[in-house]
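# Observations on the model geometry
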Amino acid sequence: MLRAYTAAAVRAAEQPLLDAGHGPALMQRAAHGLGLGVVSVLRARGRGVYGSRVALLIGSGNNGGDALYAGAYLASRGSCATALLTSDRTHTEALLAFIKAGGRIMRMPVLPAVPALTPGQEPPSSASGEKGALAAFLAESAFCDIIIDGLLGTGGRGGLQGPLAEVVAQLCHMVSAGDGPAVVACDLPSGVNATTGEVTHPVLPADLTVTFGAAKTGVVCAPAEQLCGSVSVVDLGIDEFLGAPDVLRLETADLANLLPVPATADHKYTRGVAGIVAGSEQYPGAGLLAVAAASACGPGMVRYLGAAEVCAAIHIRNPEVVCSQGSPLDVRVQAWLVGSGIDGDNAALLRASQAMESRVPTVVDAAALTLLGAGIPEEDAAEATGSRHNAHLVLTPHAGELSLLLTRHGIAKSRAEIEAAPLAAARLAARVTGATVLLKGPTTVVASPEGTVYTQADGAPSLATAGSGDTLAGVLVALLAMRAEHQHQEDPSEGVQDTLAVTAALAAALHGRLAHVDSGAPLNAGALAARIPAVWARIMH
């Protein structure tokens with residue numbers, strides 16, 4: 001399982017080693033890992049180190065020092081390395097090592113302090129020397145194989161500004177070309193918040209981010225994750241000092257351990273029964289997609305409650321599903337899914353409300369989100385541990401739906417604000433509703449009101465298609481039903497919301513991997529359910 005930590009937690013974990021005088025050794029280890037990361041990117045592009053061209057963006061402090069030492073490593077092995085020094089506080093020893101190894105430097109002159117301006121007075125323009133240095137570095141970068149971003153490290157705040165921001169914006173345009181240089185970020189791309197995943201543009205998108213000591217929360221959260229490329233963690237020997245992680249991520253081995261496996265003595269009622277209230281006469285497809293996905297996951301039974309027309313269609317596609325127009329009060333299931341495609345169907349909305357009151361794990365999607373109770377006032381959210389009334393619910397909104405949900409709780413937060421900081425938004429929603437929240441997006445966030453957070457980025461842009469969310473909801477209700485039954489048998493003491501959160505992350509991971517079958521081919525949601533058995537088998541083996 002991948003564990004990610006806040007910037008403060010990583011700094012605190014490093015402190016005992018720094019206090020013991022191991023700072024230089026830590027920097028050398030980090031720089032060596034960064035250098036090896038650059039070598040791996042060069043090799044992936046069919047280049048060796050000797051004769052390669054590397055441009056380095058160097059900021060102040062340790063982050064710039066890490067990059068310079070890595071540049072020295074590359075230059076000593078035959079790379080032509082050029083560094084743009086953007087601060088007068090460059091790490092002295094690292095700079096000397098870089099020059100001694102044959103690296104070239106360009107300096108960006110520091111502008112004098114700007115005096116107070118009178119109304120209507122224009123600010124002074126950039127010095128011609130600065131413009132010349134920046135233009136020369138841009139010209140050099142255009143012919144490089146690799147650009148190393150060593151500007152802002154874990155402690156960076158507020159992003160890049162002034163002429164340097166203009167340079168990075170031009171480099172962004174340069175690397176977007178198909179034959180442009182690759183980018184390796186030192187610790188994390190400059191402009192990325194290491195703790196929140198928020199981004200201040202311009203940010204030079206990395207092909208590889210080499211981060212030090214531990215994965216930072218920001219590199220596993222949107223929108224930052226989409227700018228980090230592959231992430232490699234350099235071990236600095238600080239694990240024993242890190243404490244509890246801020247964010248978790250399920251990896252393949254975790255999925256294999258968590259996916260339910262039938263026992264010898266199982267029968268259909270002990271393998272989990274999933275109940276579904278989804279689809280309507282107006283939107284039958286939502287019910288069909290959710291049912292197909294749930295059934296493909298292999299629970300003991302799927303029960304569908306809904307319109308007769310939808311039942312008839314389900315019987316054709318999935319004859320194993322038990323359908324009726326009954327009430328959730330009259331059937332026994334281990335988990336419910338409610339809401340997908342029931343807009344405007346009063347009978348379905350009533351069933352959804354009854355299922356949500358049943359106290360069994362319930363996936364609340366789409367229209368059913370409007371049925372959610374008031375939860376916890378925002379002013380109490382910081383101290384809240386979750387409304388027990390909603391503790392069995394898993395909400396599955398996208399950013400627009402979450403904006404409306406928070407508005408109903410008296411919190412004004414636009415879709416754009418949520419997309420800019422989805423980790424914070426999901427945590428807030430979990431606290432104020434008292435439910436587990438699965439916030440869909442390029443990186444899915446699962447937040448429990450108890451504080452546990454998972455992020456998963458297993459999917460691909462091809463999943464952004466109508467009906468994909470209905471499929472995810474079907475996968476989730478099936479896994480909840482199956483894991484609820486087995487969890488009760490194996491460890492009934494585990495917290496309900498911990499089980500909901502990890503199962504939601506499991507569903508997001510499994511759903512995401514459906515996009516990688518026939519990768520690159522066009523995809524529609526109707527094809528997803530049929531992929532589940534093969535993807536499931538691949539994970540298990």
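In this report, the structure presented in the accompanying data block is examined. (Residues numbered from 1 in each chain as written. Predicted model: local features only at pLDDT ≥ 70, side-chain atom pairs only at ≥ 80, totals over all residues. Heavy atoms only, no water.)

Before going further, it helps to examine the environment of R43. Positionally, R43 belongs in helix 2 (residues 23-44). With 311 residues separating them along the chain, R43 and Q354 place their C-alpha atoms 59 Å apart. (Helix = DSSP H or I, 4+ residues; strand = E, 2+ residues; numbered from the N terminus.)

The next subject is the packing of helix 12 (residues 399-408) against helix 14 (residues 422-433). At a minimum axis separation of 11 Å, helix 12 and helix 14 run at an interaxial angle of 40°. The orientation of helix 12 with respect to helix 14, classified from their angle, is oblique. Considering only the axes of helix 12 and helix 14, their crossing is left-handed. Between helix 12, through L402, L405 and L406, and helix 14, the contact on the second element is made entirely by A425, L428, A429, V432 and T433. (Axes fitted to C-alpha atoms, helices over the stretch in contact; angles between N-to-C directions. Parallel < 35°, antiparallel > 145°, perpendicular 65-115°, else oblique. Left-handed = near helix turned anticlockwise from the far one by under 90°. Contact = heavy atoms within 4.5 Å.)

In terms of nonpolar packing, the biggest core is built from 59 residues, with I276 and Y304 touching the most fellow members. Per-element tally for this core: the top contributor is helix 15 (residues 468-490), with ten residues. Beyond its immediate sequence surroundings of up to four residues, I276 is in contact with A290, V291, A294, V302, R303, Y304, L305, W336, L337 and V477. V192, A215, V273 and A368 belong to the second-largest nonpolar core, a separate cluster that totals 52 residues. (Core = buried A, V, L, I, M, F, W, Y, C linked by side-chain atoms within 4.5 Å. Buried < 20%, exposed > 50% of the residue type's maximum accessible area, 1.4 Å probe, protein only.)

Take unusual backbone geometry next. The residue after H201, namely P202, is reached through a cis peptide bond having omega 5°. Locating P202 in the fold gives a position in the loop between strand 6 (182-186) and strand 7 (208-212). Cis geometry is found at the peptide bond from A222 to P223, where omega equals -5°. On the secondary structure map, P223 appears in the loop between strand 8 (215-216) and strand 9 (230-234). We note that R359 has phi near 75°; this positive angle belongs to a residue other than glycine. Note on R359: relative accessible area 45%, which makes it partly exposed.

What follows covers helix 12. Across the ten residues of helix 12, seven count as buried, placing the element largely inside the fold. Considered for burial, the residues of helix 12 that qualify are A399, G400, E401, L402, S403, L405 and L406. Taken from the residues just after helix 12, G410 is the one with a positive phi, measuring 80°.

All told, the structure shown has nine salt bridges when counted by the stated rule. In this structure, the salt-bridge partner of K216 is D187, at a minimum N-O distance of 3.0 Å. Taken together, the residues span a long stretch of sequence, with K216 in strand 8 and D187 in the loop between strand 6 and strand 7 at a distance of 29 residues. A relative accessible area of 0% means that K216 is categorised as buried. (Salt bridge = Lys/Arg side-chain N within 4 Å of Asp/Glu carboxyl O.)

The next thing to look at is the sheet that holds strand 5 (residues 146-150). Hydrogen bonds along the backbone pair up the strands of a sheet, which may run parallel or antiparallel. The sheet built from seven strands is open, its strands ordered 4-3-2-5-6-7-9 with parallel pairing. Sheet topology places strand 4 (104-107) and strand 9 at the edges, where each strand pairs with a single neighbour. Taking the axes of each pair of neighbouring strands and ignoring which way they run, one obtains an average angle of 20° across the sheet. Across the face of the sheet, helix 2 comes into contact with strand 5, strand 6, strand 7 and strand 9 while running at roughly 165° to strand 7. (Pairing = 2+ DSSP bridges.)

Note on placement: S414 falls in the loop between helix 12 and helix 13 (415-420). Taking the C-alpha atoms as reference, S414 lies 7.7 Å from G400; in sequence the two are 14 residues apart.

Moving on: the state of the cysteines. For the structure on display, the rule yields zero disulfides. C144 takes part in no disulfide bond, and the closest cysteine sulfur to it belongs to C80, at a distance of 7.3 Å. For C144, a relative accessible area of 7% gives the class buried. With no disulfide of its own, C172 has C228 as its nearest cysteine by sulfur position, at a separation of 13 Å. Residue classification places C172 among the buried positions, given a relative accessible area of 18%. (Disulfide = S-S within 2.5 Å.)

Read these as spatial facts, not as claims about activity.
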